[in-house]
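Observations on chain architecture
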Amino acid sequence: QLATSKTMGESSASLLPVLFDAVGVAEEVRDSGSHALLVLDTLAPLLDAWLLAVNMAEALPDTTQDPEILAAQRRGAFANLLERAANLQKGGSLTMLALLETEALAAVS
């Protein structure tokens, strides 16, 4: 069992290695034939890393970024992380839940 939490003032960038470590530990459990449940309470580190990469690419001289291509690349980057949870080559299972903060309930009230 592995648990971590963000402390006040800690940047989401500092959580990116922790997120990937947690995924790695869960994959090891799965690959050993056991079952793992990984709950991500935020995807902010991934979103921040993506935005940093886009900003760095836009800063290159003589480059323009097509919004449609960027959207497809972003979907692919997130899909690669989440699809890792479904890779069941050696037995065991890995269930990954990502809890996202949204405004979905605002329409109900």
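In this report, the structure presented in the accompanying data block is examined. (Residues numbered from 1 in each chain as written. Predicted model: local features only at pLDDT ≥ 70, side-chain atom pairs only at ≥ 80, totals over all residues. Heavy atoms only, no water.)

A word on the pattern of salt bridges
- The tally for this structure, following the rule as stated, stands at one salt bridge.
- Linking Arg30 and Asp31 is a salt bridge whose minimum nitrogen-to-oxygen distance equals 2.9 Å.
- The exposure class of Arg30 is buried, given its relative accessible area of 4%.
- A relative accessible area of 33% places Asp31 in the partly exposed class. (Salt bridge = Lys/Arg side-chain N within 4 Å of Asp/Glu carboxyl O. Buried < 20%, exposed > 50% of the residue type's maximum accessible area, 1.4 Å probe, protein only.)

Re helix 1 (residues 16–31)
- For helix 1, spanning 16 residues, the distance from its first C-alpha to its last is 22 Å, which sits close to the expected 22 Å at 1.5 Å a residue.
- Buried residues of helix 1: Leu16, Leu19, Ala22, Val23, Ala26, Glu27 and Arg30, and no others. Projected down its long axis, helix 1 carries its buried residues within an arc of 135°, all on one side. Seen from the open side of helix 1, the exposed residues pointing more than 90 degrees away from its buried face are Asp21 and Glu28.
- Positive backbone phi, approximately 95°, marks Gly33, located one or two places after helix 1. (Helix = DSSP H or I, 4+ residues; strand = E, 2+ residues; numbered from the N terminus. Expected span 1.5 Å × (residues − 1). Arc of directions from axis to C-beta.)

Brief notes about helix 2 (residues 44–59)
- Across its 16 residues, helix 2 extends 22 Å between first and last C-alpha, which sits within 8% of the 22 Å expected from 1.5 Å per residue.
- Taken as a whole, helix 2 has its buried residues at Pro45, Leu46, Trp50 and Val54.

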